[in-house]
Amino acid sequence: MTLHIYGDSRSGNCLKVKWTAEKLGMPYDWTEVDILQGTTRQGDFLRLNPAGQVPTAVLDDGRVLAQSNAIILHLADGSNLIPKDAYDRAKMFEWLFWEQYSHEPYIAVARFHRLLLGKGPDEVEARIMQRGEAALERLELQLQATPFLVKDALTLADVALVAYTRVADEGGFDLGNYPAIQAWVARVEAALRIAD
Ligand SMILES: N[C@@H](CCC(=O)N[C@@H](CS)C(=O)NCC(=O)O)C(=O)O
């Protein structure tokens, strides 16, 4: 069997998995799932992933794995996308946990409201925008100091965080205010060969 990814191509969480597989030269099949159609919350899909979300991966041995960061950690196990040094590896985890709690719920959610639900700028809760700006400020500070989030090499922290940061403007954030982030996005896109 080949790795199989269920994902919505508009979702940064899903693209993280695709980019990691491609960076590692891992063959995969992709089933497009439109999250707006509610497919993830219906019978067949819920049997695969009771959480009702994409990305969901079926590994080459048939086992199922959900949660984008868990999937990319599994795919990249033993590769140079995960630092060998214990402290550096923990710093990578620090960013992965932070992404899920303090970045994605604001940057991705603002984009979801604006791009996918078609809401106007005034219809996105002010708190979401404030927390999103705070997340971008934190990233900017780090990236003024180091070329990648963990020192000078690409890790899963960059893969996870670039996913929604690169399209933050679609959620109403102006990346022009964050020059170090812009340079890092270009660096990570080049390393992952992200075309569009
Ligand atoms: N923490 C999860 C978030 C997954 C998630 O929110 N997936 C969204 C798409 S980005 C989804 O499946 N939404 C459809 C739904 O919840 O019904 C991850 O990183 O994989």
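Here's what I pulled together on the structure shown here.

**Description of the sheet that holds strand β3 (residues 56–58)**
Link 1 in the chain: The 4 strands are arranged β2-β1-β3-β4 in an open sheet whose pairing can be described as mixed. Where the open sheet ends on each side, the last strands, each with one partner, are β2 (28–32) and β4 (64–66). Direction aside, neighbouring strands of the sheet carry axes that sit 20 degrees apart on average.
Link 2 in the chain: With 3 bridges connecting them, β3 and β4 associate as antiparallel partners. Along β4, the bridge assignment pairs Thr56 with Ala66.
Link 3 in the chain: Each of β1 (3–7) and β2 is contacted by helix α1 (residues 12–23), which is oriented at about 160 degrees to β2, the strand it contacts most.
Link 4 in the chain: Strand contacts of helix α3 (residues 68–75): β1, β3 and β4, with the helix running at about 125 degrees to β4, the strand carrying the most contacts.

**Observations regarding helix α5 (residues 126–145)**
Link 1 in the chain: Between its terminal C-alpha atoms α5 stretches 29 Å, which fits the 28 Å expected from 20 residues at 1.5 Å a residue.
Link 2 in the chain: Within α5, the full set of buried residues consists of Ile128, Met129, Gly132, Ala135, Leu136, Leu139, Glu140 and Leu143. The arc that holds the buried residues of α5, viewed along the axis, is 145 degrees, so those residues lie on one side. Residues Gln130, Leu141, Gln144 and Ala145 are exposed on α5 and point more than 90 degrees away from its buried face.
Link 3 in the chain: Packed against the buried residues of α5 are α4 (86–116), α6 (156–165) and α7 (179–192).

Here is what the cut-offs are and how they apply
Residues numbered from 1 in each chain as written. Predicted model: local features only at pLDDT ≥ 70, side-chain atom pairs only at ≥ 80, totals over all residues. Heavy atoms only, no water. Pairing = 2+ DSSP bridges. Helix = DSSP H or I, 4+ residues; strand = E, 2+ residues; numbered from the N terminus. Axes fitted to C-alpha atoms, helices over the stretch in contact; angles between N-to-C directions. Contact = heavy atoms within 4.5 Å. Expected span 1.5 Å × (residues − 1). Buried < 20%, exposed > 50% of the residue type's maximum accessible area, 1.4 Å probe, protein only. Arc of directions from axis to C-beta.

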